[in-house]
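Close look at the chain arrangement
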Amino acid sequence: MTKTRRLPREVPPGAALLGLIAVMTTVAGCSVVDNLAYGRAETTYDDARSLAQARGDVPEWLPSDARSIQRVASTRDETAESLVFVSDDGLTGCEEVPRESAPTMEVDAAPDVYEISSVFACGTWAVAQQDGTFYAWTPAAEAEAEDEQP
């Protein structure tokens, strides 16, 4: 008969805590890598009000019913930012123009701006729309072109 070796059933004290610390460090490390290596910080918000609380303000063209907001901001350049959101009301105070730029801060779940030929110039922002999803970015060449018109 062969004797079977059994492993001890007791877990050393603190092993669970060490495992939890390892997992948390890994998760936190992903955002640190994005922040340091890629110069970007990505956050999500339920609605325009929570974005305003976190950001300090919101662009005046952002619809009040904006929801499922994803924000990617540069940690190196305060002017580079992208927003992706859903809205039923849509934009106000923006002018439709040919698309001349693309986001410098890309959002993974955003519409493909290279499939879109026109955008809305909203102040310093360009905003593309596809099937109720809006993709806004700044700085935008469209805003600069709008400022140069007589």
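About the criteria used
- Residues numbered from 1 in each chain as written.
- Predicted model: local features only at pLDDT ≥ 70, side-chain atom pairs only at ≥ 80, totals over all residues.
- Heavy atoms only, no water.
- Core = buried A, V, L, I, M, F, W, Y, C linked by side-chain atoms within 4.5 Å.
- Buried < 20%, exposed > 50% of the residue type's maximum accessible area, 1.4 Å probe, protein only.
- Helix = DSSP H or I, 4+ residues; strand = E, 2+ residues; numbered from the N terminus.
- Contact = heavy atoms within 4.5 Å.
- Pairing = 2+ DSSP bridges.
- Axes fitted to C-alpha atoms, helices over the stretch in contact; angles between N-to-C directions.
- Polar contact = N/O pair within 3.5 Å; in protein donor to acceptor, adjacent residues only side chain to side chain.

What follows deals with the nonpolar core. The biggest cluster of nonpolar side chains holds 17 residues, and the ones touching the most others in it are V107, V113, V119, A128, Y135 and W137. Elements that contribute at least two residues to this core include exactly β5 (118-122), β6 (125-130) and β7 (133-138). Sequence-distant contacts of V107, defined by excluding residues within four places in its chain, comprise Q70, V72, S82, V84 and Y135.

Moving on, we come to the sheet that holds β7. As a general point, the strands of a sheet are linked pairwise by backbone hydrogen bonds and lie either parallel or antiparallel. Read from one edge to the other, the open sheet built from 7 strands follows the order β1-β2-β3-β7-β6-β5-β4, with strand pairing classed as antiparallel. If you trace the sheet from one side to the other, it starts and ends with β1 (40-47) and β4 (95-98), each paired once. Strand-to-strand twist across the sheet, computed as the mean angle between neighbouring axes with direction ignored, equals 25°. Where β5 lies against β6, 3 bridges are found, and the strand directions are antiparallel.

As for its position among the elements, T138 is in strand β7. Only 2.9 Å separates the side chain of T138 from the backbone oxygen of T124, close enough to count as a polar contact. If we skip the residues at most four places from it in the chain, T138 touches T79, A80, E81, T104, T124 and W125.

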